[in-house]
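# Coordinate analysis (summary)
One-letter residues, chain by chain:
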Amino acid sequence: MTVAPGLYEIMFGFYSKKKPTVQLLVNGEPCLSAINSASYVIHHSSGKLKSTSKHKEGNIAGLTLIDFVALPARARISISFSGESSAEGFLGLRKL
């Protein structure tokens, strides 16, 4: 949970054999989504996520995102992940 309202940098990354679907939730509502498709970030936002050719070692680049959000006071931040159970990931949040 964040305490102060304001601008925050949000970053996350998930690594698995197949690209997952990831949603950032603010107070239980979807704020942005990184989906496994022709790969757009839906928000609603800036970048596109696009795969290049397959690497012989698998998906080494993962599904990553850096974006900026304006959060209200006492915002609850959570991630919804849909993908392989053996996936690894991280979430970072920084007040600007």
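One numbering rule holds for all chains: residues counted from 1, following each sequence as written. Given that this is a predicted model, residues contribute local features only at a pLDDT of at least 70 and side-chain atom pairs are listed and counted only at 80 or more, while totals for whole chains, interfaces and linings are drawn from all residues. Remark: hydrogens and water are excluded; side-chain values derive from all non-hydrogen atoms of the structure.

A few words now on the confidence of the model for the chain. What pLDDT conveys is the predictor's confidence in a given residue, as a value from 0 to 100. On average, residues of the chain score 80 in pLDDT, and 75% of them reach the 70 mark or higher. When the elements of the chain are averaged for pLDDT, strand β4 (residues 41–42) gives the smallest value, 48, and strand β7 (residues 88–95) the largest, 93. Within the model, the stretch residues 41–49 combines pLDDT values under 50 with 25 contacts to residues more than four positions away or in other chains. The secondary structure listing takes helices from DSSP runs of H or I that are at least 4 residues long and strands from runs of E that are at least 2 residues long, numbered from the N terminus. Whether two residues are in contact is decided by their heavy atoms: any pair within 4.5 Å suffices.

For Phe, Tyr and Trp, rings pair up if their centres lie within 6.5 Å, where Trp contributes its six-membered ring, and each pair is then called stacked (planes under 30 degrees apart), edge-to-face (over 60) or tilted (otherwise). Tallied over the full model, the rule gives 2 aromatic pairs. When the ring of F12 is compared with that of F14, the centres are 6.0 Å apart and the planes differ by 55°; the resulting orientation is tilted. With respect to class, F12 is no different from F14; both count as buried. Joined through ring pairs, the aromatic side chains of F12, F14 and F81 make up one cluster. Buried, partly exposed and exposed residues are distinguished by accessible area as a fraction of the type maximum, computed with a 1.4 Å probe on protein chains only: under 20%, between the cut-offs, and over 50%, respectively.

Time to look at the pairing of strand β1 (residues 6–15). The two faces of a sheet get side chains in turn, since along a regular strand they alternate between them. Judged from the 9 bridges that link them, β1 and strand β5 (residues 63–71) form a sheet pairing that is antiparallel. Within β5, the residue paired with M11 across the bridge is I66. For two strands to pair, DSSP has to find at least two bridges joining them. For β1 and β7, the ladder comprises 8 bridges, and the chain directions are antiparallel. Bridged to F12 within β7 is L91.

A few words on the pattern of salt bridges. A pairing counts as a salt bridge when a side-chain nitrogen of Lys or Arg comes within 4 Å of a carboxyl oxygen of Asp or Glu. Going through the model one piece at a time under the given rule, you end up with 1 salt bridge. Of the charged contacts, one joins R94 and E9 as a salt bridge, the two residues approaching to 2.9 Å between their closest N and O atoms. Here R94, found in strand β7, pairs with E9, found in strand β1; they are 85 residues apart in sequence, far enough to count as distant.

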